[in-house]
Amino acid sequence: MAQWHYGENGQQHGPVDDDGIRQAIASGQVHAQTMVWREGMPNWLPLAQVPELAYPAAPMGYQQTPYPYAMPYGVVPTAPTSGLAIASMVCGIVGFCMCWLAVLGGIPAVICGHMALSRINESEVPMGGRGMAIAGLILGYIAIGLSVIGLAFIGFSIASGTP
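Residues numbered from 1 in each chain as written. Predicted model: local features only at pLDDT ≥ 70, side-chain atom pairs only at ≥ 80, totals over all residues. Heavy atoms only, no water.

**Here's the deal with the overall build of the chain**
Condition: Comment: elements are numbered from the N terminus, with helices defined as DSSP H or I runs of at least four residues and strands as E runs of at least two. Categorising residues by exposure relies on relative accessible area from a 1.4 Å probe, with only protein chains included: less than 20% of the type maximum marks a residue as buried, more than 50% marks it as exposed, and the intermediate range marks it as partly exposed. We call two residues in contact when some of their heavy atoms are within 4.5 Å. Areas reported here follow the Shrake-Rupley algorithm with a probe of radius 1.4 Å; residue values treat only the protein chains shown as occluding.
What the chain contains, in helices and strands, is four helices and four strands. Taken from N to C terminus, the helices and strands of the chain fall in the order β-β-α-β-β-α-α-α. Counting every position in the chain, which comprises 163 residues, the buried fraction comes to 25%. Taking the intrachain contacts of the chain between residues at least 6 apart in sequence as the baseline, contacts between residues at least 24 apart amount to 51%. In the structure as shown, the chain presents an accessible area of about 10700 Å², 65% of it carried by carbon and sulfur atoms.

The following block contains the structure:
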């Protein structure tokens, strides 16, 4: 069984066994920035960087957190956002605001949106950005539709001879 030492504010405590260090963690006496060491470790490390102590042992039947460090209270880990989803939304907004040339932003928005949704669905790692991709698709299709309607209006105006 490992004998742990921990120190803070120039004070060294220990040795304590595994249960003792876990009790100190649970009571708040030892926290993520507290330096800890045991035989076999090359240097003292902050508790958050010691995988075997970074989070308390889970009760029987519960799965431990998959994160190799202690998460601060209230912080929820998020999945990375798809860059294509961001590009789709930005192109959709730009296309929507370009009036007669909306198709220049609408087509890239639609292409990026479909590619983003495809990659998000096929990704083995959870990936965020589904809402942005959908927003980009909607704005892109609206921009293309407005461009087509505008060009049709101009064409009918020219064909009928109405200035």
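**Here's the deal with unusual backbone geometry**
Gly14 connects to Pro15 through a cis peptide bond whose omega is 5°. The residue Pro15 is located in strand S2 (residues 11-16) in this model.

**A few points about the packing of aromatic side chains**
For any pair of aromatic rings, the description rests on two quantities: the centre-to-centre distance and the angle between the ring planes. What counts here: Here a pair means two rings of Phe, Tyr or Trp (six-membered ring of Trp) with centres within 6.5 Å. Their orientation is stacked below 30 degrees between planes, edge-to-face above 60, and tilted elsewhere.
According to the stated counting rule, one finds one aromatic pair in the structure shown. Judged by centre distance (6.4 Å) and plane angle (25°), the ring pair of Trp37 and Trp44 falls under stacked. Relative accessible area serves as the criterion here: at 26%, Trp37 is assigned to the partly exposed category.

**So, the environment of Gln49**
Its place among the elements puts Gln49 in the loop between strand S4 (45-46) and helix H2 (83-97). In this structure Gln49 comes out as exposed when scored by relative accessible area, which is 51%. C-alpha of Gln49 to C-alpha of Gln33: the two residues are 16 residues apart in sequence and 9.0 Å apart in space.

**Observations regarding the pairing of strand S3 (residues 35-38)**
Filter applied, for reference: Here, any two strands with at least 2 DSSP bridges between them count as paired.
Bridge count for strand S1 (residues 4-8) against S3 is four bridges, and the pairing is antiparallel. Considered in S3, the bridge of Tyr6 is made with Val36. As paired elements, S3 and S4 share two bridges and run antiparallel to each other. The partner of Met35 across the bridge, within S4, is Pro46. Between S3 and S4, which pair antiparallel in sequence order, lie six residues; one of them, Gly40, sits at a positive phi of approximately 105°.

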